[in-house]
Amino acid sequence: MIITVPLVVFMSITFVLVFLFVKTIDPRKWLTFLVSLALTPVVYFYAVYPMINIFSSYHHQKHFSAEVWKAKPALRYELSDDMITSEILLGMTKNDIKAQLGAYEWLSWNDAEKKHNENRWNYSLGIEPGAFNQKKQCIELQFSDQKVTKVKPYKEDIEPNAKD
């Protein structure tokens, strides 16, 4: 485990709260201190840390890999930041993209022409972990002259046709 400033702060807060709780049970300070010292890691890792993970939207980030992209579609959001910031897809042809990411999942709709736009491919990145995430992450690859010119991340409702 890596000791960081947030870890020390949260552990200290947990210790103070456990100490105050144990102090209500037994007024002896030395016993309260020892019990609190022993219970703090348990309370932190079984109560505080899970709550932090549930309510934060932190996720692990990994380097882009075409094999992982294809094998684990639900975890694509972990690969997307590296893929977008490194601009690895820019300049690739449609055949290169098919080899790296697989066939597009859907095409964007062109209202002017009333048909799907063959130059805007979309892929779902999955749902980022968190208690209140109600949108899935997606990317749109925009092509010009058969080459990727833009990679645009966006979010959409998990169930777009759901009625409120």
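A brief structural summary. As the structure is a prediction and not an experimental result, all values here were calculated from the model.

What follows deals with the pairing of strand S2 (residues 115-126). In this structure, strand S1 (residues 106-110) lies alongside S2, joined through five bridges in antiparallel fashion. When the sheet's bridge partners are listed, tryptophan 109 is paired in S2 with histidine 116. If you look at the hairpin formed by S1 and S2, you'll find four residues sitting between the two strands, and lysine 114 has a positive phi there, around 55°. Of the strand pairs in this sheet, S2 and strand S3 (residues 135-144) are connected by six bridges, and their pairing is antiparallel. Each residue of the ladder has a partner; that of arginine 120, found in S3, is glutamine 142.

As enumerated under the stated definition, the model contains nine aromatic pairs in all. Both rings, one in tyrosine 104 and one in tryptophan 121, keep their centres 5.1 Å apart while their planes meet at 50°; by these two values the pair is tilted. On the criterion of sequence distance, the pair formed by tyrosine 104 in the loop between helix H5 (94-101) and S1 and tryptophan 121 in strand S2 is long-range, its members being 17 residues apart. Connected via pairs of aromatic rings, a cluster forms that spans Phe15, Phe19 and Phe33. Directly above the aromatic system of phenylalanine 143 lies the positively charged group of lysine 94, at a separation of 5.3 Å from the ring centroid.

Let's shift gears to unusual backbone geometry. The bulk of non-glycine residues show a negative phi, and the bulk of peptide bonds are trans. In this model, glutamate 87 sits at a positive phi of 55°, which is unusual for a non-glycine residue. Assignment of secondary structure puts glutamate 87 in the loop between helix H4 (77-85) and H5. One non-glycine residue, aspartate 145, lies in positive phi territory at about 55°. Inspection of the secondary structure assignment puts aspartate 145 in the loop between S3 and strand S4 (147-157).

Turning our attention to the side chain of serine 124. Locating serine 124 in the fold gives a position in strand S2. Using a relative accessible area of 17% as the deciding quantity, one classes serine 124 as buried. Looking at serine 124, its side chain comes within polar contact range of the main-chain nitrogen of glycine 126, at 3.4 Å.

According to the stated counting rule, one finds eight salt bridges in the structure shown. For lysine 62, the salt bridge is made with glutamate 78, and the minimal N-O distance between the two is 3.1 Å. Note that lysine 62 is positioned in the loop between helix H2 (29-55) and helix H3 (66-71) and glutamate 78 in helix H4, a separation of 16 residues in sequence. Residue classification places glutamate 78 among the buried residues on the basis of a relative accessible area of 9%. Ionic pairing is found between glutamate 105 and arginine 76, a salt bridge with its closest N-O pair at 2.5 Å. Of the two residues, glutamate 105 is situated in the loop between H5 and S1 and arginine 76 in the loop between H3 and H4; the sequence distance between them amounts to 29 residues. Taking the relative accessible area as the measure of exposure, glutamate 105 reaches 38% and is therefore partly exposed. A single network of salt bridges, built from pairs that share partners, joins Arg120, Glu140 and Lys152.

Where nonpolar side chains cluster on the molecular surface, the patch consists of Val5, Val9, Phe10, Ile13, Val16, Leu17 and Leu20 and spans about 640 Å² of accessible area. Examined against the element boundaries, leucine 17 turns out to sit in helix H1 (residues 5-25). Looking at leucine 17, the relative accessible area reads 55%, which means it is exposed.

About the criteria used
- Residues numbered from 1 in each chain as written.
- Predicted model: local features only at pLDDT ≥ 70, side-chain atom pairs only at ≥ 80, totals over all residues.
- Heavy atoms only, no water.
- Pairing = 2+ DSSP bridges.
- Helix = DSSP H or I, 4+ residues; strand = E, 2+ residues; numbered from the N terminus.
- Phe/Tyr/Trp six-rings, centres within 6.5 Å; stacked < 30°, edge-to-face > 60°.
- Lys NZ or Arg CZ within 6 Å of the ring centre and 35° of its normal.
- Buried < 20%, exposed > 50% of the residue type's maximum accessible area, 1.4 Å probe, protein only.
- Polar contact = N/O pair within 3.5 Å; in protein donor to acceptor, adjacent residues only side chain to side chain.
- Salt bridge = Lys/Arg side-chain N within 4 Å of Asp/Glu carboxyl O.
- Patch = residues over 30% accessible without salt bridge, like charges linked within 9 Å, V, L, I, M, F, W, Y side chains within 5 Å.
- Areas by Shrake-Rupley, 256 points an atom, 1.4 Å probe, with all protein chains shown as cover.

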